[in-house]
Amino acid sequence: MEKMIYLDNAATSFPKPPSVTRAVAGVMEKIGGNPGRAGHSAALAGGRILARCRELAAAYAGITAPERVIFCLNCTDALNMAIRGTLHAGDEVLVSHAEHNAVMRPLMGYHDAGKITVRILEPDRQGILTPDTVRQAITPRTALMVLCHASNVTGLIQPARDIARVCHSQGVPLLLDAAQTAGTEEIAAVHADMIAMPGHKGLLGPMGTGLLILGEGMLPRPLREGGTGSASESLRQPVLLPDRLESGTANLPGIAGLVQGLKFMLAHRAAIAEYEHVLARRMREGLMNIPGILPCWGPEDAAHVGVVSFNIRGMDSGEAADQLNRQRIAVRGGLHCAPSIHAWLGTTGAVRASLGPFNTERDVDALLSAVAKIINDSKGR
Ligand SMILES: Cc1ncc(COP(=O)(O)O)c(C=O)c1O
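Quick caveat, the model's predicted, so the values are computed rather than measured. (Residues numbered from 1 in each chain as written. Predicted model: local features only at pLDDT ≥ 70, side-chain atom pairs only at ≥ 80, totals over all residues. Heavy atoms only, no water.)

Caption draft 1: Region of interest: the sheet that holds strand β4 (residues 117–120). An order of β2-β8-β7-β6-β5-β3-β4 is seen for the seven strands of this open sheet, with the pairing classed as mixed. The open sheet terminates on both sides in strands that have one partner only, identified here as β2 (69–72) and β4. Each adjacent strand pair in this sheet contributes to an overall mean axis angle of 20°, direction not counted. Bridging between strand β7 (residues 194–198) and strand β8 (residues 210–214) involves five bridges; their strand directions are antiparallel. Directly across from M197, in β8, lies its bridge partner L211. With respect to the sheet, helix α4 (residues 101–112) is in contact with β3 (92–95), β4, β5 (142–148) and β6 (174–177), its orientation differing from that of β4 by roughly 135°. (Pairing = 2+ DSSP bridges. Helix = DSSP H or I, 4+ residues; strand = E, 2+ residues; numbered from the N terminus. Axes fitted to C-alpha atoms, helices over the stretch in contact; angles between N-to-C directions. Contact = heavy atoms within 4.5 Å.)

Given below as structure tokens:
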């Protein structure tokens with residue numbers, strides 16, 4: 001493929017550290033055994049990779065029990081596992097206005113079937129969900145709070161630690177959707193009860209990987225049941241973690257890549273976060289200097305991840321994204337699977353440019369010039 005400036009890291013990060021690619025290929029070329037399914041050396045080598053990945057993810061999430069790290073297909077799968085595995089008929093669930101459809105669709109399916117009640121909480125004028133709003137919303141029926149740690153549209157980071165405190169004071173577990181914060185933010189500091197993370201965004205692993213981290217006392221019912229390579233004499237699903245939630249063959253090449261992504265991230269997390277903040281600020285400031293740009297990022301002085309969305313006045317976001325693609329810049333237009341936050345912003349879509357650790361100031365400046373050119377060209381029409 002012809003070289004592009006890749007600014008779609010919120011969808012999946014690219015490129016990956018070279019060690020990630022080598023690890024995926026290494027499994028395919030040299031290991032090949034199915035972890036937990038036999039006692040031969042190839043299967044044992046695969047098992048060690050799974051164990052290493054759990055250890056690294058547990059260290060990042062701040063839990064001491066690696067068996068509480070569950071391998072999933074992606075963040076959507078992890079969220080489904082947490083939501084479908086813990087709710088009961090009659091429960092009430094609180095969510096923020098910023099939730100992704102990976103949260104809303106499983107919840108609204110139950111809501112529409114009359115099984116649960118979902119309440120979407122209003123943020124303040126800045127787009128922040130205040131802990132007080134959560135405190136006032138909790139009722140005796142509230143069984144779960146789901147919080148999008150940082151919006152995949154505005155990039156705004158929510159006060160997750162304070163919201164977790166409020167939830168815990170009322171006995172409500174918090175499920176944190178860390179899709180846009182895992183890899184840059186200090187996830188352990190939130191003290192969430194369950195954390196859903198994609199392996200393929202900020203953790204820099206391959207697509208097809210995700211993690212569900214379960215805090216003490218959280219034991220979701222399985223989404224899938226089947227062979228685990230353990231307790232095979234029983235016709236019933238094992239109760240013990242992680243086997244309870246991990247039936248069937250693991251994505252060993254992907255998880256081997258994720259081990260290397262996690263190592264890279266753990267070695268550089270604070271520096272990556274700072275670097276992406278600086279690039280994002282440069283992008284927001286540069287966009288504000290272009291007449292005709294409508295910002296979608298909330299207050300400049302609030303905490304953001306490296307996600308910057310905007311519109312070009314009078315132009316559909318999909319059309320703008322197509323025009324940027326023609327200039328060899330990869331961004332995403334449309335609703336980004338998060339219609340509620342667009343309703344709150346009063347937008348029907350936005351152009352989203354999202355940064356990763358391998359972007360440079362030149363990438364940001366190239367986007368700014370390309371956007372200015374689109375606006376200039378549109379004036380000539
Ligand atoms: C906030 C948020 N939640 C969930 C997801 C779903 O992640 P995945 O693509 O890994 O399923 C995304 C993906 O962009 C997201 O931005």
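Caption draft 2: Expanded view of the nonpolar core. With 46 residues, the main nonpolar core has V134, M145, I195, M197, L203, L211 and I213 as its most contacted residues. Take this core: its biggest share by element is eight residues, from helix α2 (residues 41–61). Those residues within four positions of M197 in sequence are excluded, and the remaining contacts are Y60, A61, C75, A178, A182, I187, L203, G210, L211 and I213. Within the second largest apolar cluster, 29 residues are counted, among which are C75, V95, A179 and L214. (Core = buried A, V, L, I, M, F, W, Y, C linked by side-chain atoms within 4.5 Å. Buried < 20%, exposed > 50% of the residue type's maximum accessible area, 1.4 Å probe, protein only.)

Caption draft 3: Just the site of the ligand, in detail. Residues in contact with the ligand amount to 14 residues; listed here are only the nearest, T76, D177, Q180, H200 and K201. At 2.9 Å, a backbone N or O of C75 approaches an oxygen atom of the ligand. Between N152 and the ligand, the recorded distance is 3.4 Å, taken from a side-chain N or O atom to an oxygen atom. Computed on the free molecule, the ligand has an accessible area of 390 Å², of which 91% lies beneath the protein chains in the complex. Residues of the shell around the ligand, tallied by class, amount to six nonpolar, six polar and two charged. (Near = heavy atom within 4 Å. Polar contact = N/O pair within 3.5 Å; in protein donor to acceptor, adjacent residues only side chain to side chain. Areas by Shrake-Rupley, 256 points an atom, 1.4 Å probe, with all protein chains shown as cover. Nonpolar A, V, L, I, M, F, W, Y, C, P; charged D, E, K, R; others polar.)

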